[in-house]
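# Residue-level structural notes
Below, each chain spelled out in residue letters.
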Amino acid sequence: MLEEMKDQILKFVQKTPQAMTSRGLMKKMRVKDPKLFYRAMDQLRQQGVLQVNKKHRVRLAASSARSKRAGSPREKRPFSGTLREKLRGPVEKINGVKRAVIVSLSKGFAFARPEDGGEDLFIHADHLKSAFIGDTVVLNHLERSGKGLSADVEQITERASRLLTGTLVEGEEGLEFAPDDAIRYNLSLSRKSLPHLRPHVKAQAEIQQIPGTDRLTARVIKVYGNSDSAKICADAIIDQNGIRTEFPEEVLAEAEKIRKSKITEKDRKGRLDLRGLGICTIDGPDAKDLDDAISVSRTRLGYRLGVHIADVSHYVKAGSAIDLEARERGTSVYFADRVIPMLPEALSNGVCSLNAGEDKLTFSAIIELDKQGTILSFRFRKSIINSKVRGVYGEVNQLFNGTADKALRKKYSPVIRSLHAARELAEILKARAKRSGTVELDSTESRFVLDGQGVCVDVQPRESGEAEQMIEQLMITANQAAAQLAKRANLPFVYRIHEQPAPDRVESLADLVGALGLNPVSLRHSASVKTADFAAIMEQAEGTPAQRVISHQLLRTMAKARYDTQPVGHFGLALEDYCHFTSPIRRYPDTAIHRILSAYLAKDKQIAAHYTEFAREAASNSSKCEVRAMAAERSAEDCYMAEYMRQHIGEEATGVISGVTMRGVFVELPNTVEGFVPITSFEGAHFEFDGMITQYDATTGRKLTIGQPLRVKAVAADVASGRIDFLPVEPTPENA
């Protein structure tokens, strides 16, 4: 669609003898989508095809005008001939080949992302060899120019699925398929598509290439429903990301057999019996998969922390149908209206869940800490517990802040001493983490409220109270101890790692921090940047309008956490050793760790032979599954936010500018909803982008910059794409 708009603009400019303003051009062309028009204009200007003078008049660039006068036919593909040379500039050839994945397709070109990292590579359609979104390819003829890297596809080594989800829309020639994935234009429908299709419907299609051409068509094979429903869009997102929703019969049969099993004397043998301790779980009110419980007591030297985790590896045996299915899923996936669990409900909500008043098999970390929160010693034991209370975060927060009523105090009386000791210890651990330089970022998570029909009727920031933060600190400590044990014993293992941020990203962050008026000196030596340097920046931003924006930028600067077999440390937590031990019901790496530590406790002399390859595969696959789940969750959240905002079109609110681009600014509202404000919507203004954080109008001196408040009106919300559009509400003379 963007490429079509660019073609239309070029045709119109070529036929128009006199230059006109971009706004006048848009009116003459009778453009219905101004946002798309200005995106196309920006790209044509950046590509050197069009020129826009100080009076905002549009004309063909000199080289394009010469081609027109010479009567040369205009190429359909925008990156060929003279224009392609103009875009590339001086070319440096690079020897060798590179493996990459195709990440976007546009009319006439594509981009591929190298498997070993680095910038995306441009590929002209003539050299794509029919590669498609998600295909793994080998690239050759690598070249670098002023516009970046380019290459040709040598071969496709792994073909991705040709099934995509999208929305049916009205096009110039009838119904078209607008893909959700990174295909940047609409596709015509194949004649073999399902019958009786209509616009505004979410659908799944098989993408096919017309033989002898580079044209793609879509054969619709499945219809989900109305694209204005976030619930329907979430169904499509699940399919698009390849997330399994149904368990095979073999898996369900295994799970049902386990559900009916009872704890036997054989199961109890050798386990540490902790049923007499004041142990409790603390989770959200709706949680059913309770996989962690705690007990804390004061000692002469400090504290004894017990973190007791559901012994999933006892029930889920290596190579079983349940294990293989859990490995494929990798993690539970959480949407506003549903949870797609890693394990069948018979396990996740049943036999493995640490329900109060029931004997449960667990894997316990018993950790001794001094009064400063230093770990003195730890031991890991298979155990059996009986949780005394099914705790709820909100209720525990009431206990801590003194607002709990008599009924609540009675409910928690069996574990009240443990809770108060846990509260003390968590405060010590939190203070210790702060001294070590841990970055405390603002939470950007959203909480969605749905009505009886599953429609989003409210969006609010997710609150994190004292109880939530307490459990987080205790779980971090247990995870740290498990990683330390594995490292000391030289076990094959699955570590949770968070590498140092890339130096170029740190430099960009330093520039932004300085532009916002903060002191970036600690970031300038990017090769030696420490977590504490990031914490110092966050401390400077605290209480300023830029606080949330800085938090976002710090998060974007950091590398993505992942799983690995090497203990390279965790930058964000400022820890040398870390892993995920505490959630085996919903994360496969935790289950893998339990299996390895169980073998260690059983004194398996062949542990390296048995688990080295298993740990490598678990780390690699779990990282991929986590990325897939996060992408699906975020896409669905965008749809739910748009669904909510559709009910508030025309309403005004004050937000904060959270991002600035050449085309406009992003504004985040206090409820976490973010929308886009086109720069063209500021009447009479002539803004120019500084390339970083500010749009500046030289005629008035007005600035639009990150962290600045801006009052906006909601004018559009598209559920299918998750796009939300705002317009600025300019102050009137009375309230200016």
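Residues numbered from 1 in each chain as written. Predicted model: local features only at pLDDT ≥ 70, side-chain atom pairs only at ≥ 80, totals over all residues. Heavy atoms only, no water.

### A short note on the sheet that holds strand 32 (residues 694–697)
The antiparallel open sheet is built from three strands, whose spatial order is 31-32-33. Edge positions in the sheet fall to strand 31 (687–689) and strand 33 (702–705), since each has one partner strand and no second. Direction aside, the axes of adjacent strands within the sheet are offset by 25° on average. One ladder, built from three bridges, connects strand 31 with strand 32; its direction is antiparallel. The residue of strand 32 that forms the bridge with F689 is Q695. (Pairing = 2+ DSSP bridges. Helix = DSSP H or I, 4+ residues; strand = E, 2+ residues; numbered from the N terminus. Axes fitted to C-alpha atoms, helices over the stretch in contact; angles between N-to-C directions.)

### Description of the sheet that holds strand 11 (residues 174–179)
Spatial strand order, 10-11-12-14-13: five strands in a closed barrel with mixed pairing. Between one strand and the next, the sheet's axes are offset by a mean angle of 50°, whatever the strand orientation. Packing against the sheet, helix 6 (residues 230–240) makes contact with strand 10 (163–171), strand 13 (201–209) and strand 14 (216–226), and its axis sits at approximately 135° to strand 14. (Contact = heavy atoms within 4.5 Å.)

### Some points on helix 12 (residues 393–401)
Where helix 12 is concerned, the buried positions are Y393, V396, N397, L399 and F400. Within helix 12, the buried residues cover an arc of 155° as seen down the axis, which keeps them to one side. G402 occupies a position one or two residues after helix 12 and carries a positive phi of about 85°. (Buried < 20%, exposed > 50% of the residue type's maximum accessible area, 1.4 Å probe, protein only. Arc of directions from axis to C-beta.)

### Quick notes on the state of the cysteines
All told, the structure shown has zero disulfides when counted by the stated rule. For C233, which is in no disulfide, the shortest distance to another cysteine sulfur is to C639 and amounts to 4.5 Å. No disulfide involves C579; its nearest neighbouring cysteine sulfur is the one of C625, lying 18 Å away. (Disulfide = S-S within 2.5 Å.)

### Observations regarding the packing of aromatic side chains
Overall, the coordinates contain 13 aromatic pairs when judged by the stated rule. Here the aromatic rings of F363 and F581 are separated by 5.7 Å at their centres, their planes lie at 75°, and the arrangement is edge-to-face. A residue pair is termed long-range when its members are at least 10 positions apart, and F363 in strand 21 (residues 359–370) and F581 in the loop between strand 27 (562–564) and helix 19 (588–601) qualify at 218 residues. Of the two residues examined, F363 and F581, each falls in the buried class. The interplanar angle of 65° and the centroid separation of 5.0 Å between the aromatic rings of F493 and Y495 together place this pair among those described as edge-to-face. Of the residues examined, F493 reaches a relative accessible area of 1% and is grouped as buried. (Phe/Tyr/Trp six-rings, centres within 6.5 Å; stacked < 30°, edge-to-face > 60°.)

### Describing the pattern of salt bridges
One pass over the full model with this rule turns up 37 salt bridges. A salt bridge links K202 to D180, with the nearest nitrogen and oxygen atoms 2.9 Å apart. One end of the pair, K202, is in strand 13; the other, D180, is in the loop between strand 11 and strand 12 (187–189), and 22 residues separate them in sequence. Taking relative accessible area as the criterion, K202 reaches 1% and is therefore assigned buried. (Salt bridge = Lys/Arg side-chain N within 4 Å of Asp/Glu carboxyl O.)

### Let's talk about the nonpolar core
Residues L347, M470, L474 and F581 are the most contacted members of the largest nonpolar core, which totals 88 residues. The dominant element in this core, judged by the number of residues it contributes, is helix 15 (residues 466–488), at 11 residues. Every residue in contact with F581, bar those within four places of it in the chain, is listed here: I309, F363, A365, F380, N479, A482, D590, I593, H594 and L597. Among the nonpolar cores identified, the runner-up in size contains 61 residues, and A230, F448, L512 and V677 belong to it. (Core = buried A, V, L, I, M, F, W, Y, C linked by side-chain atoms within 4.5 Å.)

### Some details on the pairing of strand 13
Pairing geometry for strand 10 and strand 13, over six bridges, is antiparallel. Each residue of the ladder has a partner; that of G166, found in strand 13, is A203. Where strand 13 and strand 14 come together, nine bridges link them in antiparallel fashion. Directly across from A205, in strand 14, lies its bridge partner V220.

### Some words on the packing of helix 17 (residues 531–541) against helix 18 (residues 547–557)
Where helix 17 contacts helix 18, the two axes come as close as 9 Å, and the packing angle between them is 165°. Judged by the inter-axis angle, helix 17 sits roughly antiparallel to helix 18. The way helix 17 lies across helix 18 gives a crossing that is right-handed. Only Q547, I550, S551, L554 and T557 of helix 18 make contact with helix 17, whose side of the interface consists of F534, I537, M538 and A541. For the contact of helix 17 with helix 18, the per-class residue count stands at six nonpolar, three polar and no charged. (Parallel < 35°, antiparallel > 145°, perpendicular 65-115°, else oblique. Left-handed = near helix turned anticlockwise from the far one by under 90°. Nonpolar A, V, L, I, M, F, W, Y, C, P; charged D, E, K, R; others polar.)

### A short note on the confidence of the model for the protein
Scored by pLDDT, the protein has a mean of 88; 92% of the residues are at 70 or more. Contacts of residues 62–88 to residues separated by more than four positions or lying in other chains number 45 contacts, the stretch itself having pLDDT below 50. (pLDDT = per-residue confidence, 0-100.)

### Section: helix 14 (residues 416–436)
Its 21 residues give helix 14 an end-to-end C-alpha distance of 30 Å, which sits within 8% of 30 Å, the value for a rise of 1.5 Å per residue. Those residues of helix 14 not exposed but buried are S418, L419, A421, A422, L425, A426, L429 and A433. All buried residues of helix 14 fall inside an arc of 155° around its axis, so they share one side. Along helix 14, exposed side chains directed more than 90 degrees from the buried face belong to R417, K434 and R435. Looking at the buried positions of helix 14, the neighbouring elements they touch are strand 16 (280–283), strand 17 (292–298), strand 18 (302–310), strand 21, helix 12 and helix 15. Just beyond helix 14, the residue with positive phi is G437, at close to 105°. (Expected span 1.5 Å × (residues − 1).)

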